[in-house]
Amino acid sequence: MTAISEQTGAWLEQFTKRQAAEPWLQRLRNAAFQRFVELGFPTTHNEEWRFTNVAPIARTSFTVGRASVTSSKYQVGLAAAEPHLAKHASFHHSAFVALNTAFLDEVSVLRIPRNTVVEEPIEITYDSGRTGGVPHATHPRTLVLVGSGSQCTIVETYKGAGQYLTNAVTEIVAGDGAVIDHYKVQQESLTAWHVATMNATLGRSANFTSHSISLGASLARNDANATLSRGTEATLNGLYIVTGAQHVDNHTAIDHAMPHATSHELYKGILDGKASAVFNGKIIVRKDAQKTDSKQTNKNLVLSDEAVINTKPELQIFADDVRCTHGATIGQLDSEMMFYLRSRGIGVREARSLLIYAFAQDIVDRVRVQSLRDSLERVLFEKFHEHAD
Amino acid sequence: MALLEIKDLHATVGDREILRGIDLTINPGEVHAIMGPNGSGKSTLAQVLAGRELYSVTGGSVTYERKDLLEMSPEDRAREGVFLAFQYPVEIPGVSNMYFLKAALNTIRKARGLEELDAMDFLNLVREKMKSMEMDQTLLNRPVNTGFSGGEKKRNEIFQMAVLEPRLAILDETDSGLDIDALRTVAAGVNALRAPERSMIVVTHYQRLLNYIVPDFVHVLSQGRIVKSGGKELALQLEDSGYAGLGIADDEEVVARV
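Predicted model, so just to flag it, every value in this text is computed and none were measured.

The next point concerns the overall build of chain B. From N to C terminus, chain B includes nine helices and 12 strands. Its C-alpha atoms give chain B a radius of gyration of 18 Å, within 12% of the compact-globule value 18 Å for 258 residues. For the C-alpha atoms alone, the extent of chain B along its principal axes is close to 55 × 40 × 35 Å. The 258 residues of chain B split such that 41% are buried. Sequence-distant contacts in chain B: of pairs separated by 6 or more residues, those separated by 24 or more amount to 72%.

So, in structure tokens, the structure goes:
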């Protein structure tokens, strides 16, 4: 308890110094802070955090920071958020979500009216930029409300400079039959910490695709959670690339709460240097969720002897008429492919980049935002070029 | 001046010696067939010449255009004009045939002091070569060898050879798994590439391929050594009497390991 009070003390000081918000929001903040104090930062004794040590975050005294954020014409006032805010991303089980909720201030609330097709991607960029000085913490909060029968593309980007903590929470609510293509691009500074939770509550026959691209940060933890309704189709794609001493942890949870829903999950990771990665894919099929069709795949390309990957499926199936498959692979660059490329004159360096690119290609192909796909292709080609030979 | 001179070549895989003293001299323009039963070391010889690191060369020398071939990396050998048509072409999902071949051709052209081809010139070149190999042009946009039939893979090898224009082509059991029509097309592709300055090593188990690609010399390999050399008539003699007729049987220990 002493340790927890030490950790939360600095946060308490900042919390009490804050300007009061509207009563409903202040009540929410107070309850969330109370919960944060009770939970404290998780340790590696907590099964959900077994391979990700957040002690460096717990030990640091952060100043309050604020990420600059882009706005969109679909942005609405905070009042629209009241019925939904914190209803989808619960702070009762997560200290980081509790902390985000306690410090929430500006919320990016996007609302797409019913039966509206938004062609252009809606981009939200959180920039925690600044270098030097005392590390700061930002708590970006996004709420996306998509009306029934509507269609949109959301691109959330996180970036910054220097040492800081981004503690982000995104809640997505999809009406019946809504179609959402969601991208989260994490390209934080390599000295930053990034913890983010996304919760999607998906309506009947909604079609939700999430793409989580994790490139930056010294430590990154991404929780992607989706609750499915009757006939919902959810696709969770992920790509994580870590080098040096980077650590990335992807926890996903798909809750098949109702029958006839489909979920497809494909997470791919590329690890080099002394980097480490975690994939934990939870799939819950509730008792009533008959005819569930669920497929989970995690593939890892490990380029060095010192990189470490922990991958674990976690299936909880309570219905009997379902199809659930899962698989995980960990491999190195294929020596036969390397030889084939080299025997055609292609040098080691380029052969390596080609095969790394090829490994990630199906995830990149699923990115439907052209500018994003281009920049991903660039990252893939450039990131591993300097390491070869 | 010989293009390739192999002297007393020994090679091992693990602690097993596969090549036990190969001597072979190939002059420009010559086509040499290497025949032999399973496990005799034919494919090992082909792979060692292309630089496969799986095999360790434990003795002897290989001189190619007056250079020490064994000192060169696989990519440098390719850039200097050595080409291996694989017995089992490798599937590379995620890399398009077109991208792969353009990268290969331009690296090799650069090494030869030629200008790199732009997309248009490259496309014109490959279209023409594909036509002569009777290949479906959509194969260009597919990932390298991925989902290709056995015949398509072998054609793709010879097509690559036609585009890369090597000085020394090594064909490793290019006939295996081909029906007679595919065999004819592939052989015609190979024959079209015969030239006074280009030499070929044709590795095959069966004489059938040599009806279509007629060699200048035939060598019979057994237990890692060339036990008999002759003209094209040696292949016909083997057709009649089999390897047993020469007192050669499959090297069973190796066959069992494969």
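Text resumes after the structure shown.
Counting its regular elements, chain A contains seven helices and 19 strands. In terms of overall size, chain A behaves like a compact globule, its C-alpha atoms giving a radius of gyration of 21 Å where 389 residues would be expected to give roughly 21 Å. With the C-alpha coordinates of chain A rotated into their principal frame, the extents come out at 70 × 50 × 40 Å. The long-range fraction of contacts in chain A, counting pairs at least 24 apart against all pairs at least 6 apart in sequence, stands at 83%.

Interface size, as often reported, equals the accessible area lost upon joining of the parts. Residue and element names in this part refer to chain A. Here chain A is partitioned into domain 1 (2-332) and domain 2 (333-389). Centre-to-centre separation of domain 1 and domain 2, based on C-alpha positions: 28 Å. Taken together, the contacts link 19 residues of domain 1 with 14 residues of domain 2. Taken together, the residues of the side of domain 1 that touches domain 2 sort by class into 12 nonpolar, four polar and three charged.

All names here are of chain B. At a closest axis distance of 10 Å, the pairing of helix 4 (residues 119-132) and helix 5 (residues 150-164) adopts a crossing angle of 135°. Regarding the angle of helix 4 to helix 5, the classification is oblique. You can see that helix 4 and helix 5 cross each other, and the crossing is right-handed. Between helix 4 and helix 5, the residues in contact are Leu125, Val126, Lys129 and Met130 and Phe159, Ala162 and Val163, respectively. Each residue belonging to the contact of helix 4 with helix 5 can be placed in one class, and the counts come to six nonpolar, no polar and one charged.

Let us now look at the interface of chain A and chain B. With 16 residues of chain A in contact, the opposing surface of chain B contributes 18 residues. When residues of the side of chain A that touches chain B are traced back to their parent elements, those giving at least two are helix 5 (335-342) and helix 6 (348-365) of chain A. With six residues, the single largest contributor to the side of chain A that touches chain B is helix 6 of chain A. Looking at the side of chain A that touches chain B residue by residue, the classes come out as eight nonpolar, four polar and four charged.

Residues and elements named next belong to chain B. The sheet built from six strands is open, its strands ordered 6-9-10-3-11-12 with mixed pairing. One side of each edge strand has no neighbouring strand; the edge strands of this open sheet are strand 6 (82-85) and strand 12 (225-230). On average, each strand axis in the sheet is tilted by 20° relative to the strand beside it, whichever way the strands run. Here four bridges tie strand 3 (residues 31-35) to strand 11 (residues 217-222), and the two strands are oriented parallel to one another. If you follow Ala33 over to strand 11, its bridge partner there is Val218.

Before going further, it helps to spend a moment on the pairing of strand 9 (residues 168-172) of chain B. Residue and element names in this part refer to chain B. Among the five residues in strand 9, five count as buried, and that is most of the element. Neither face of strand 9 is open: one carries Leu168, Ile170 and Asp172, the other Ala169 and Leu171, and all of them are buried. Strand direction decides the pairing type here: strand 9 and strand 10 (residues 199-204), joined by five bridges, are parallel. Following the sheet pairing, Leu168 is matched in strand 10 by Ser199. With helix 6 (residues 180-192) bridging strand 9 and its parallel neighbour strand 10, the resulting β-α-β unit is right-handed.

A few words on the nonpolar core. Ala174 of chain A together with Ile170 of chain B are the most contacted members of the largest nonpolar core, which has 171 residues in total. It is helix 6 of chain A that provides the largest number of residues to this core, a total of nine residues. A domain split of this core shows at least three residues from each of domain 1 (2-332) and domain 2 (333-389) of chain A. Beyond its immediate sequence surroundings of up to four residues, Ile170 of chain B is in contact with Ala46, Leu49, Ala50, Phe83, Leu84, Ala85 and Ile201 of chain B.

This part takes up the environment of Gly224 of chain B. All names here are of chain B. Along the polypeptide, Gly224 turns up in the loop between strand 11 and strand 12. The buried category is assigned to Gly224, around which 25 C-beta atoms lie within 10 Å. For the pair Gly224 and Ile6, spaced 218 residues apart in sequence, the C-alpha separation works out to 13 Å. Those residues in contact with Gly224, other than ones at most four positions away along the chain, are Glu17, Ile18, Leu19, Arg20 and Gly41.

Definitions and cut-offs
Residues numbered from 1 in each chain as written. Chains lettered and ligands numbered in written order. Predicted model: local features only at pLDDT ≥ 70, side-chain atom pairs only at ≥ 80, totals over all residues. Helix = DSSP H or I, 4+ residues; strand = E, 2+ residues; numbered from the N terminus. Rg over C-alpha atoms; globule rule 2.2 N^0.38 Å. Buried ≥ 20, exposed ≤ 12 C-beta atoms within 10 Å, placed from the backbone. Contact = placed C-beta atoms within 7 Å. Domains from an automatic or database assignment. Nonpolar A, V, L, I, M, F, W, Y, C, P; charged D, E, K, R; others polar. Axes fitted to C-alpha atoms, helices over the stretch in contact; angles between N-to-C directions. Parallel < 35°, antiparallel > 145°, perpendicular 65-115°, else oblique. Left-handed = near helix turned anticlockwise from the far one by under 90°. Pairing = 2+ DSSP bridges. Right-handed = clockwise from strand over helix to strand, strands pointing away. Core = buried A, V, L, I, M, F, W, Y, C linked by C-beta atoms within 7 Å.

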